[in-house]
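# Results of the structural survey
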Amino acid sequence: MSTTARFHAPRSYVRPLSSAVAVLLLAAHSVAQECGVPETLEEADRTIFVKAVSGDGDTTVGELQRPSPSSTYDVRVWKVGSAPQTIALDGVAGAVSFDGGVVVGGYRNPAGSETHAFRWTAAGGLQDLGTLGGDFAVAQAVSSDGAVVVGTSTIPSGESRAFVWTASGGMQSLGPFLGGQTFAAAVSADGSVLAGYH
């Protein structure tokens with residue numbers, strides 16, 4: 001399967017919070033409470049950032065600040081009916097698959113100072129996806145079935161490139177766009193279309 005990349009020029013905008021969005025945020029907050037996230041979104045003075053919720057609504061992923069005075073965060077999964085689980089140290093959560101079975105993001109590689117993209121499953125644990133030769137990579141999105149991961153990595157020159165990862169192809173650069181850097185932001189449910197910016 002090939003993945004089509006669509007890049008757009010970055011734009012900033014502010015949009016009022018609609019009632020539909022408010023309902024979605026309330027629903028996500030209820031899931032987080034069921035999974036053990038305090039209503040204040042703090043745990044013993046430790047900040048929690050909730051990044052994504054699965055399509056079925058049972059899994060929330062985000063980051064939990066390490067105990068004070070640390071300013072780093074660990075990637076955590078909150079699943080309805082299960083205890084919260086830390087899946088990566090010193091990292092960021094990117095996204096979760098529709099059924100909550102696959103979580104992607106980035107973490108500091110314990111073997112060095114680089115940040116690598118990762119893919120996590122309950123059965124397989126943390127899978128280091130590496131980088132495109134640079135010292136930083138983070139997975140930003142995942143297809144519904146968890147098979148296609150997209151994100152951004154630096155290359156040896158230090159420039160950023162959007163990437164797509166599959167089990168069969170590994171991490172592949174989608175190259176420059178109009179001669180410049182590229183950044184991945186999202187992927188379609190079936191993994192066939194990647195969206196990003198340059």
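To start, this report covers the structure provided alongside it. (Residues numbered from 1 in each chain as written. Predicted model: local features only at pLDDT ≥ 70, side-chain atom pairs only at ≥ 80, totals over all residues. Heavy atoms only, no water.)

What follows concerns the sheet that holds strand E9 (residues 115-121). Spatial ordering of the open sheet is given by E7-E8-E9-E10, a layout of 4 strands whose pairing is antiparallel. This sheet does not close on itself; its edge strands, each paired only once, are strand E7 (91-96) and strand E10 (125-130). Across the sheet, the mean angle separating the axes of adjacent strands is 30° when strand polarity is ignored. Pairing between E7 and strand E8 (residues 102-108): 5 bridges, direction antiparallel. Paired with Ala93 across the bridge in E8 is Gly105. (Pairing = 2+ DSSP bridges. Helix = DSSP H or I, 4+ residues; strand = E, 2+ residues; numbered from the N terminus. Axes fitted to C-alpha atoms, helices over the stretch in contact; angles between N-to-C directions.)

Backbone hydrogen bonds hold the strands of a sheet together, and the pairing may be parallel or antiparallel. One open sheet holds the 4 strands; their spatial order is E11-E12-E13-E14, and the pairing between them is antiparallel. Both edges of this open sheet fall to strand E11 (137-142) and strand E14 (170-173), since each of them pairs with a single strand only. Across the sheet, the mean angle separating the axes of adjacent strands is 30° when strand polarity is ignored. As paired strands, E11 and strand E12 (residues 149-154) are joined by 5 bridges and run antiparallel to one another. Pairing of Val138 across the sheet is with Thr152, part of E12.

Time to look at the packing of aromatic side chains. Across all of its chains, the model carries 3 aromatic pairs by this definition. Their ring planes at 15° and their centres at 5.1 Å tell us that Phe183 and Tyr197 sit as a pair that is stacked. Here Tyr197 lies in strand E16 (residues 193-197) and Phe183 lies in strand E15 (residues 183-187), a separation of 14 residues in the sequence. On the accessibility criterion, Phe183 (22% relative accessible area) is partly exposed. (Phe/Tyr/Trp six-rings, centres within 6.5 Å; stacked < 30°, edge-to-face > 60°. Buried < 20%, exposed > 50% of the residue type's maximum accessible area, 1.4 Å probe, protein only.)

Another point: the nonpolar core. With 14 residues, the main nonpolar core has Val104, Ala117, Val149, Phe163 and Met171 as its most contacted residues. When residues of this core are traced back to their parent elements, those giving at least two are E8, E11 and strand E13 (160-166). If one sorts the elements of this core by residue count, E11 sits on top with 3 residues. Excluding residues that lie within four positions of it along the chain, Val149 makes contacts with Val104, Arg119, Leu129, Ala139, Ala141, Val142, Phe163, Val164 and Trp165. (Core = buried A, V, L, I, M, F, W, Y, C linked by side-chain atoms within 4.5 Å. Contact = heavy atoms within 4.5 Å.)

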